[in-house]
Amino acid sequence: MKKMGSFLQASKRMHSWRWLILLTLVGLTLWQSTRHSATTLAQEIPTNTPTKVIRLVAEIIYPSQGDVIAGVTPIIGTAVIENFVRYDIHIAKADSEDWRWVGSGQSFVSEGDLYLLDTTQFPDGFYDLRLRAVRADGNYYEDIVRGIEIRNTNPPTPTPLLDAAGTPLPRPTVTATPTPTPEFISYIPNGPGIFEPKNGDILRGVTAVVATANGLPQRAFLRFELAISPTGYAEWQLLKVSEEQYWQNTIYELDTRQWPDGLYDLRLRIIYADSNYNEFEARNLYIANYTPVRIPTATPTPVQVAILRPQPNANISGIVDFVGAANTPNFAQWSLYWRPSGAEVWTLLVTSDTPVPAFGLLARLDLAQLPVGAYDFRLEVVDQDGHATSFIIPQLRVLRQPPLATPTPLPAG
């Protein structure tokens, strides 16, 4: 019996140890499970990072209606839209809707400086400001702020800037963007400018203003402005504003009978999308509708390098004659090149060491081999000293000739 009791006590002690080990294993399992769950939960919860929300809008924030401005004033706002191309800033006399362009930008702006407006260029008074954000398809969004007062004769007292403790802070100084003062020039050979009338010409009746107004390889064209002023006074009167590009063509018909006889200047301003511009002037043009002026007979300058036909922007197809001149005093050879409009690489078509006098046949080309599209053609004449002169005809639109009609035979009788 004593042995049996000892065995029962040993069995009870072993049973207790088994329960203890089992409870310990369960506790470890639960602890590991809880620890793993907590770690996974922490990895799944991202850290909240503040993100600036950019609104798609065109909006002028400053100045606002009723504000009084003077000197050089920043125009602050937002120009962020889908398919953004550029934004334009315009100003007009209050309620006149006679908008005048003052500046543009090609990068979108979110609650920042859009433009520095030099208010000293405008008489004191009330004005409206317009921000127009333009999309790639030509549509736009705009915001107009009305009733802004320009007052330079009695400028407003600036509101002092204070820090958190109420201490005045120095006001930032704004420096105006310098206005370019281009050198006087009438035109760039085979480039932009006023070709007719020439400096000193005598004008009567309706006179065609022939010019080139287009973009440059690194500057997109925005528009051109043509103006007239009495010589030496710079009192420019706007004649025409256009977003159409021209190449050695008539951009305006000037009716000289609208001005008294006397000396006048013409100014062509070509404005690019980055707000820069080039200026060209024809000076000392004598309007003489009623004043007798002897017109000297000038010896015409022979055409030396030119493609006279076809004309720029013409529609052509099939076999086309290129008529022009390649006849410089020290002539060596001439070459005719072509390229798809806008491409950088020119392809040689034909070359010759025989000069071609004015209105001669340069080449007869079968353009049916070219795909339908717009092409540029360039005539290059090289002199014996290696000097080259080029003449470009842009935007010749090659079309496909209509098929010839096939006659339908009539039945006998």
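Keep in mind that this is a model prediction, so the values were computed, not measured. (Residues numbered from 1 in each chain as written. Predicted model: local features only at pLDDT ≥ 70, side-chain atom pairs only at ≥ 80, totals over all residues. Heavy atoms only, no water.)

Participant: Let's hear about the pairing of strand β13 (residues 206-213): which residues, and what values?
Facilitator: Among the eight residues that make up β13, six are buried, leaving the element largely enclosed by the rest of the structure. Where strand β11 (residues 193-196) and β13 come together, three bridges link them in antiparallel fashion. When the sheet's bridge partners are listed, Gly193 is paired in β13 with Thr212. Judged from the seven bridges that link them, β13 and strand β16 (residues 246-255) form a sheet pairing that is antiparallel. Bridge pairing in β16 places Val206 opposite Asp255. (Buried < 20%, exposed > 50% of the residue type's maximum accessible area, 1.4 Å probe, protein only. Helix = DSSP H or I, 4+ residues; strand = E, 2+ residues; numbered from the N terminus. Pairing = 2+ DSSP bridges.)

Participant: Describe the environment of Ser186, naming the residues involved and giving the relevant values.
Facilitator: Looking at the element boundaries, Ser186 is found in the loop between β10 (168-169) and β11. Relative accessible area serves as the criterion here: at 13%, Ser186 is assigned to the buried category. Distance in space between the C-alpha atoms of Ser186 and Glu281 is 4.8 Å, their sequence separation being 95 residues. At 3.2 Å, the side chain of Ser186 and the side chain of Asn199 are in polar contact. One polar contact links the side chain of Ser186 to the main-chain carbonyl oxygen of Glu281, over a distance of 2.7 Å. (Polar contact = N/O pair within 3.5 Å; in protein donor to acceptor, adjacent residues only side chain to side chain.)

Participant: Any chance you could break down the pairing of strand β22 (residues 331-340) for me, citing the residues and the numbers?
Facilitator: Extensive coverage of β22 is indicated by the burial of seven of its 10 residues. Relative to strand β25 (residues 373-383), β22 is paired through nine bridges, and the arrangement is antiparallel. What sits directly across from Ser335, in β25, is Glu380. Across five bridges, β22 lies against strand β23 (residues 347-352) in antiparallel orientation. Directly across from Trp338, in β23, lies its bridge partner Thr347.

Participant: Go over the pattern of salt bridges with me, naming the residues and quoting the values.
Facilitator: In the structure shown here, the tally under the stated rule is 14 salt bridges. When the shortest N-O distance is used, the salt bridge between Arg146 and Glu97 registers 3.1 Å. Linking Arg146 in strand β8 (residues 140-150) with Glu97 in the loop between β4 (84-93) and β5 (100-105), this pair joins segments that are 49 residues apart in sequence. Residue classification places Arg146 among the partly exposed positions, given a relative accessible area of 30%. Judged by relative accessible area, which is 43%, Glu97 ranks as partly exposed. (Salt bridge = Lys/Arg side-chain N within 4 Å of Asp/Glu carboxyl O.)

Participant: An account of the sheet that holds β8 is requested, with residue identities and associated values reported.
Facilitator: Spatial ordering of the open sheet is given by β2-β8-β7-β4-β5, a layout of five strands whose pairing is mixed. Strands at the two margins of the open sheet, each flanked by one partner only, are β2 (68-69) and β5.

Participant: Go over the nonpolar core with me, naming the residues and quoting the values.
Facilitator: Residues Ile307, Phe322, Trp334, Leu362, Leu367, Phe377 and Leu379 are the most contacted members of the largest nonpolar core, which totals 25 residues. If you list the elements that add at least two residues to this core, you get β19 (305-309), β21 (319-326), β22, β24 (356-366), β25 and β26 (388-398). Those residues in contact with Leu379, other than ones at most four positions away along the chain, are Val305, Ala306, Ile307, Ala325, Trp334, Ser335, Leu336, Leu362, Thr389, Ser390 and Phe391. Counting 23 residues, the second largest nonpolar core, distinct from the first, contains Tyr264, Leu266, Ile270 and Ile287. (Core = buried A, V, L, I, M, F, W, Y, C linked by side-chain atoms within 4.5 Å. Contact = heavy atoms within 4.5 Å.)

Participant: So, the environment of Ala234: which residues are in play, and what are the values?
Facilitator: Within the secondary structure, Ala234 is located in the loop between β14 (221-230) and β15 (237-242). Residues Ala234 and Asp265, spaced 31 residues apart in sequence, show a C-alpha to C-alpha distance of 8.6 Å.

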